[in-house]
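# Breakdown of the fold
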Amino acid sequence: MEAMEVDGASNLQRKQSLYQSKDERFEIRMEKYTGQQYSQIYFARLHKMRTLLYSLVDKWKPHVPVCTVLGIEEGKECIIVGTLYKHMKLKPCILDEYSKERSAVPVVKPHNFMHPDDQLILEDESGRVKLGGTVLAASNYVTGVVVAVHGKETVSGEFFVQDILERGLPHQIELPLDSREDKYVVLVSGLSVGNGKSNPLNLQLLVDHITGHLGDEKEQRIASQIVRVVIAGNSVEIPHGLLNGQTLAAKDQSKLSEPIKELDILLTQLAAAVPLDIMPGSSDPANFSLPQQPLHRCLFPGASVYNTFMSCTNPHSFELDSVRFLGTSGQNIDDLEKYSEAKDKLDFMERTLRWIHLAPTAPNTLGCYPFTDRDPFLIESCPHVYFVGNQIKYETRLLKGNVAAFL
Amino acid sequence: MEEEEMDEDVFLEETLILRDEEEALILQDEEDRRQLLASRLSKWKRPTSSPCNLITRIDYVIGERHKDLLPNSSGPAAILRIFGVTREGHSVCCHVHGFEPYFYISCPQGMTPDDISRFHQVLEARMKEVNRNSRVPKFVLRIEMFQKRSIMYYQQLQSHPFLKIVVALPTMVAGCRGILERGLHIDGLGTKSFMTYESNVLFALRFMIDCNIVGGNWIEVPAGKYKKTTKTISYCQLEFDCLYSELISHPPEGEFSKMAPFRVLSFDIECAGRKGHFPEPSHDPVIQVANLVTLQGEDQPFVRNVMTLKSCSPIVGVDVMSFDTEREVLLAWRDFIREVDPDIIIGYNICKFDLPYLIERAEALKIAEFPILGRIRNSRVRVKDTTFSSRQYGTRESKEVTVEGRVQFDLLQAMQRDYKLSSYSLNSVSAHFLGEQKEDVHHSIISDLQNGNSETRRRLAVYCLKDAYLPQRLLDKLMLIYNYVEMGRVTGVPISFLLSRGQSIKVLSQLLRKAKQKNLVIPSVRKQGSGEGTFEGATVLEARTGFYEKPIATLDFASLYPSIMMAYNLCYCTLVTPEDVRKLNLPPECVNKTPSGETFVKSNLQKGILPEILEELLAARKRAKADLKEAKDPLEKAVLDGRQLALKVSANSVYGFTGATVGQLPCLEISSSVTSYGRQMIEHTKKLVEEKFTTLGGYEHNAEVIYGDTDSVMVQFGVPTVEAAMNLGREAAEYISGTFIKPIKLEFEKVYYPYLLISKKRYAGLYWTNPDRFDKMDTKGIETVRRDNCLLVKNLVTECLHKILIDRDIPGAVQFVKNTISDLLMNRMDLSLLVITKGLTKTGDDYAVKAAHVELADRMRKRDAATAPNVGDRVPYVIVKAAKGAKAYERSEDPIYVLENNIPIDSQYYLENQISKPLLRIFEPILKNASKELLHGSHTRAVSISTPSNSGIMKFAKKQLSCIGCKALISNAEQTLCSHCKGREAELYCKTVANVADLEILFGKLWTQCQECQGSLHQDVLCTSRDCPIFYRRKKAQKDMAEAKLQLDRWQY
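Definitions and limits used
Residues numbered from 1 in each chain as written. Chains lettered and ligands numbered in written order. Predicted model: local features only at pLDDT ≥ 70, side-chain atom pairs only at ≥ 80, totals over all residues. Heavy atoms only, no water. UniProt positions renumbered as here; feature names shortened; annotations may be inferred. Helix = DSSP H or I, 4+ residues; strand = E, 2+ residues; numbered from the N terminus. Buried < 20%, exposed > 50% of the residue type's maximum accessible area, 1.4 Å probe, protein only. Contact = heavy atoms within 4.5 Å. Salt bridge = Lys/Arg side-chain N within 4 Å of Asp/Glu carboxyl O.

Chain B has the name DNA polymerase in an unreviewed UniProt entry, where Macleaya cordata is given as its organism. The Cofactor (unreviewed entry) comment attached to chain B in UniProt states, word for word, "[4Fe-4S] cluster". UniProt, in its Subunit (unreviewed entry) section for chain B, records the words "Heterodimer with subunits of 125 kDa and 50 kDa. The 125 kDa subunit contains the polymerase active site and most likely the active site for the 3'-5' exonuclease activity."

As recorded in an unreviewed UniProt entry, chain A goes by the name DNA polymerase delta small subunit, listed as coming from Macleaya cordata. The UniProt entry for chain A carries this comment under Sequence similarities (unreviewed entry): "Belongs to the DNA polymerase delta/II small subunit family." Annotation of chain A in UniProt includes, under Catalytic activity (unreviewed entry), the sentence "DNA(n) + a 2'-deoxyribonucleoside 5'-triphosphate = DNA(n+1) + diphosphate".

Right under this line is the structure:
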């Protein structure tokens, strides 16, 4: 729970910058559940990605024929494009609730469901095929990623992978570096108001710092260069037991609304001083599945009065002086961590950029709205700043000109 | 070596068609398979010294006698055909000549050799008279005299003269027996009727017994003793003729306990039914056949293919063959069978559905050459209706399809036989054993998929393949082949008998084998309708019901009934008739008088056959178990484990055989004696335990027998620890065993702690075999698997027992029950938990009493004939609220319909008729006033009923928005809350959104799970498996989600 920055300059007048929300594609609005299923989102994803991958294949392996999963012939080299599906032995399954035998010991550590026997399967709308060979490490991939693979079918009906092509980083809009003044954006997450362990003093210090009520002139100057605060999820913590559909006693009603009121007070102070974006996270009073819709304004009667207060979706995307920001409250990376392996969290983030998909595990293991015509999680153009909230520690990495901030 | 398995005694009338006609029908894609065959043939080495095969089937046919092998006889005779596999995997057909059908009668006193020839003439004349149309030159071939003894009753004389009557053909046995039983006039002896012996033994079984061949036996035919058949009539790679006396049967030991490399074909068909009808072969085409062929012992099939009608997109790893006409599909399948030449054909419900359907469909299409699926050229497969009825398994109608030379193994039959499950659909069986859900495509959708394009047909083909794959998986997982082959070897009957017949044939086979060694003959008793007398069954000691929180030691009699029979020498041949008891004046030290009043001689006078069989079985089991411990190779282990299981089951079925009043050889004197001894022993044990383990006898507590079942006694020694109870249990077992005649033995096996004794045959407890950890929770007779209960009952009972026994948390269990009841009354219950399922076996008119599921099926048919359940389907329903006084059967409703229309569930019905009894049973021993506490407490006061959206009064109701907070009506549609609730916005919004979030979690989990089951991400889920536990939840989640989203949208961003 700290804050971070982009470029910098000076003056005690708070800096302004041009803000443009790019959240539209994450908004669900009045769309309804009318019996649609998840196949459509996969279809949309595959369709879009395939066009992108096909355009690369020509340069990648110009002489190898491209075909569908069904078109492959035994022993003949070809390239196929499809969605990966990872068959996982240990993946928790809702049917387990019904198994007769209760196992006394949980089989795996609950935060990772990997197993050496996990098997990758490539699927397109025509069919699926098991992937073999050593090029492709099952531990690095997750269900839902679209890739092109080069190889051939073996006698046993497996597709022996010789090489693999991911989309790679998407195209990035030129960063306009004309302005020579420094401006800062504060990214915070996991305020967890209402959690027994959170210290109200820390939060107040943060607010005071941002609003310029703290520190010497130098610090205040820096504070004045903050042009925006983005709160990336998990701002409150509500005891979940209270929300079981039962009528609440008056005492519990207040327990429920107290943290939100407290948060509203903080936000009001912030919004009075600086433009503020608030994103919902997994513990916030918002819907569960991605994209999470903005927190309702009625929760923040105080802050919502200010026009500087913006309640946003998760994932959240915006442009600030033409600098493109994209980020989530962390669910996508947490889920990748459960179902795949990497050196650190930044690797996961880097992968999502290379797969040009924010949340490939949605809808498989990550809740997601069943979109029918699009896949909003595709990263069509590379953001300048890519951030993920609610992680254990702060890390950053610069990736070929892209800043990846990590909170 | 060739391996053969036996098959049943079917008389095959050959229906021959011209060979030219058949060969004219070769299909295009034959080329590949030709090559396959060619390569197989190239591997085939000529048998050098000794062909030997494991029998897969034995049939017999009537044919001309083999001139070379049997030079001295003429006329038609039965030729046995043994089909099998060699060790190298070649198929074999062996024609066995010279074995003649026969039976025995007791020789009338004073009959001389002259009389015999006169008797022969008379009998021959009568036979001719009866079979006037037959062209057989001689009916009764020979009559010979032997010295034998009947198995029935103790006799002092060692033997009597018996006549062996040899007839020309097996079918004549029954006719001849009839003549003899009705009586025959013989000059000089007068009219006499004869009792026949062993006249009801099936011909093939007779052959097997006489040649010492058991099911799944290795048979060797020495070089030079067989002749290669000149004009082959089968498709087998090896075909030859030999005499029955030349066969060498190898006992299944060592080298010969192995299995031959059978080819196992697993297949499934799909038919395109018309809307609203179950597919019928006269109308509906077969559109796909999926096949998997596996070599016995290998994990992966080596052939996977699917034959489809109309084009079908390719499937990776599967050979997809598409054809334009149904005729081609069927013929391709026939050719495939012939080419692959499977020894065993498996599938799910193939005997009742798939195979008959294919054959009847071919008939409807007039493809005369289709049903040549067997190993005999030009011989058609026929379908016969059979009824199989057994005391143990109940009556089942089925169809018998005889495929020469191949064994059919229907997994459904095996499941129904060996396992008690709540549902036998392939879906639930595979969920149970393999832990996999299978997608279930409703037959009305199948036609739509077929009528789509090659993609949709591919979809169907994938489904069809899965259906063919699952039986194979089940077969492997449950090691059915091993278990059945071993059972066949132990009991000496062919494998197909094991599925199609009851227990008694197995005992009969053993009895006949043993009797033959002992020179005994077994009378053929006419079956007498229903059993005339019943005898007192096994007793149970009065159960002292209650919840025991001290360890309860259980003393078990090891194989009680077999031991009693052995200990007291109970057998047909040791039973002394009451008349003989008076006449023979046997010394009392030589006889046992049983508690039921029968007299049996002791083994020094006459050793019984049944005790001998049992001794052998149990000794063999001991050996198998010892070998099992030694065995390293998993395949060998599988064989041995199958064997010890088979031996155990066989030993226990002997008692049942003697008690089966409609069986082959009932003898109630034996069975009632066995149970009476059993009772005596239980009581004896109780007495001894309660006498010895007392404070007076120096023990800390007085032992108390709280319950005794058929072969076990539960004792509360009063000690507080499991370990102490175990020690006392062992001591008691040893002490009491010493007072019994060998081999009756009381064993200490386990301790229950805690133990909830509900009533006799109903209990639950934690099962301990070592003092450190309990092994499992053991329940008996408690609603955990009954199929006519809804899932709620099962879950509730299981959870309560878990809480009571494992967590030792009775208040927790009570609270759990209360919460569940409250959830039920408040309409918060997952609907799938309330679904009750019943099979629809007949149409409504045929049921005498109106039944809920039948009425519902009728109503559904009126709504939509296409998706309504048909006869044979299982009908799921829930009980809904209806007008006062409506009968229970009128209140049944389709769960989907209930979901869609918000029909209120009749929670009172569930409370009173479903959950109250099982709950009270559990809680009554524990709680005072259980009924009051659980079923009438304050938690039952709040009731919420959903309002139906389409019925009755609701049509007149006007929809109005209400405040989300307090349900007050709101006039202005723009608002979400009434003025009173304005201040609670945040709190109320949190609740709404939390509800949405919960539903979203569920929605995501459920629908992705279904995608996983169907094995495709890019296609919609079509599964309508109502057996699947999440089917209704998935539907409900979809609907709730839509509603919750609407609620949320009222908040307007």
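## Comments concerning the overall build of chain A
Within chain A, the secondary structure is distributed over six helices and 16 strands. For chain A, the residues scored as buried account for 55% of the 407 residues in total. Once local pairs closer than 6 in sequence are excluded, the contacts in chain A between residues at least 24 apart make up 75%.

## Some points on unusual backbone geometry
The linkage connecting Asn 314 of chain A with the following residue, Pro 315 of chain A, adopts the cis geometry, with an omega of 0°. Of note, Pro 315 of chain A is situated in the loop between strand S11 (309–311) and strand S12 (316–320). Omega for the peptide link from Tyr 753 of chain B to Pro 754 of chain B comes to -5°, which places this bond in the cis form. Its identity as a non-glycine residue notwithstanding, Asn 519 of chain B has a phi of 65°, on the positive side. Mapped onto the fold, Asn 519 of chain B is located in the loop between helix H14 (504–517) and strand S23 (520–521). We note that Arg 808 of chain B has phi near 50°; this positive angle belongs to a residue other than glycine. Looking at the secondary structure, you find Arg 808 of chain B in the loop between helix H21 (791–806) and helix H22 (810–825).

## As for the pattern of salt bridges
Counted according to the given criterion, the structure contains 31 salt bridges over all chains. Notably, a salt bridge pairs Asp 277 of chain A with Arg 228 of chain A, separated by 2.9 Å at the nearest N-O pair. Taken together, the residues Asp 277 of chain A in strand S10 (residues 276–279) and Arg 228 of chain A in strand S9 (residues 226–232) connect sequence positions 49 residues apart. This pair shows no difference in class: Asp 277 of chain A is buried, exactly as Arg 228 of chain A is. Here Glu 799 of chain B makes a salt bridge to Lys 803 of chain B, at a shortest N to O gap of 3.4 Å. Within this pair, Glu 799 of chain B and its partner Lys 803 of chain B are both found in helix H21, separated by four residues, close to a single helical turn.

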